[in-house]
Amino acid sequence: DKGNHRHFMLKEIYEQPEVVARTTAHYLDMANGKVRLPADLPFDWAKLPRISIAACGTAYLAGLTAKYWFERFARIQVDIDIASEFRYRETPMVPGGLMIVVSQSGETADTLASLRYAKENGQHVLAVVNVPTSTIARESHIVMPTLGGPEIGVASTKAFTCQLAVLASLAIAAGKGRGFIDEADEDRLVRAMMEAPRYINEALKLEGHIAQIAKSLSKAPNVLYLGRGTSYPIALEGALKLKELSYIHAEGYAAGELKHGPIALVDEAMPVVVIAPYDRIYEKTVSNMQEVAARGGQIILVTDEKGAEHAGIDSIATIVLPDLPSTITPLVYAVPVQLIAYHTAVEMGTDVDQPRNLAKSVTVE
Ligand code: M6R
């Protein structure tokens, strides 16, 4: 049932404040500002040699975001891989490490094969999964559910933000377990996480403005997305969403990679979506944005109030989110990139819930 919405995808985008709240409440003790994981762990964070992550598509991008969090909060090395690459690479694994697999459906063939390889190679396997009865959930040692409810739209939306909520909670737990996060930090981070649903709600209010921007995007043959730090995976997610829904060619790049190739593409016909919250690397992204502007690129800036104030360039459009704690920016900035892709697809008249050539669950290689 789509409720009042025109598509399942839009309904699922709008469910995010509720499902992210439900998911975070499952992992965080809100009253006391502490992480409280729903399952016991068969390992000690402090003794963990390494974390590996494998997943596909949007779930992979949740994993890529988590790498930044685990490294920052818990000072642990993280290998992140696309599951179809990981499964055949025969990578050596230090026994006693942690393998995290991320999957909405829990049935993705390559992710399942990665899980089995990790098990055979002495890893603790933890699944962040939306379908608790799935094969991936059944075969993993530890299941950390996303409480997104059924996701019908082929494009993953609410599953992604719920995956981010679970992975951020795990990274905070890891930081605490390894002694890099003290009680005050934990309290601050948990409170930031608790704010995510409210900020997601604020982001949803920008839908009308984003629908206007989508009108011009729908005429572009190519779109570039740029971001740094945890905004890099969000740039990749924006590009993935746009291509799968609107069939417009889109690429996501780490903003710093611009001058190593993709800047050659930039001209007056090229929209460039820049994901740049006002964080510690904002200035670096702005200088990349100026390089784009100098070549006539059409900038669509996704930022916050402070970022909009300090941007100092002419963008064709600015999507302004509220200022928010940096830890939760990926959970909130996911929403405008989803809405950009959704409205561009609606504008073009493509089948939003069932894009051509795609399946919701990829159970074959
Ligand atoms: O069910 P999974 O999360 O394992 O699926 C992984 C990908 O197939 C999935 O995220 C895909 O990339 C989506 N269509 C993205 O919107």
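Calculation rules
Residues numbered from 1 in each chain as written. Predicted model: local features only at pLDDT ≥ 70, side-chain atom pairs only at ≥ 80, totals over all residues. Heavy atoms only, no water. Buried < 20%, exposed > 50% of the residue type's maximum accessible area, 1.4 Å probe, protein only. Helix = DSSP H or I, 4+ residues; strand = E, 2+ residues; numbered from the N terminus. Pairing = 2+ DSSP bridges. Near = heavy atom within 4 Å. Polar contact = N/O pair within 3.5 Å; in protein donor to acceptor, adjacent residues only side chain to side chain. Areas by Shrake-Rupley, 256 points an atom, 1.4 Å probe, with all protein chains shown as cover. Axes fitted to C-alpha atoms, helices over the stretch in contact; angles between N-to-C directions. Contact = heavy atoms within 4.5 Å.

A word on the pairing of strand E6 (residues 124–129). Most of E6 is tucked away: five of the six residues are buried. By the bridge criterion, six bridges tie strand E5 (residues 98–103) to E6 in an arrangement that is parallel. When the bridges of E6 are listed, Val 101 appears paired with Ala 127. Pairing between E6 and strand E7 (residues 142–145): four bridges, direction parallel. Residue pairing for E7: Leu 126 is matched across the bridge by Ile 142.

Another aspect to go through is the site of the ligand. Close to the ligand lie 13 residues; Ser 103, Gln 104, Ser 105, Thr 108 and Glu 244 are nearest. The contact in question runs from a nitrogen atom of the ligand to an N or O atom on the backbone of Val 154, over 3.1 Å. A distance of 2.4 Å is found between an oxygen atom of the ligand and a side-chain nitrogen or oxygen belonging to Glu 244. Expressed as a share of its isolated accessible area of 420 Å², the protein-covered part of the ligand is 91%.

Let us look at the sheet that holds strand E9 (residues 249–254). Spatial ordering of the open sheet is given by E9-E8-E10-E11-E12, a layout of five strands whose pairing is parallel. Unpaired on one side and paired on the other, E9 and strand E12 (317–321) mark the two borders of the sheet. Across this sheet, the average inter-strand angle for adjacent strands is 15°, counted without regard to direction. As judged from the five bridges shared by strand E10 (residues 271–275) and strand E11 (residues 298–304), these two strands associate in the parallel manner. Each bridged residue has a counterpart across the sheet, and for Val 274 the counterpart in E11 is Leu 301. Taken strand by strand, helix H9 (residues 207–217) contacts strand E8 (222–227), E10, E11 and E12, and its axis lies near 150° from that of E12.

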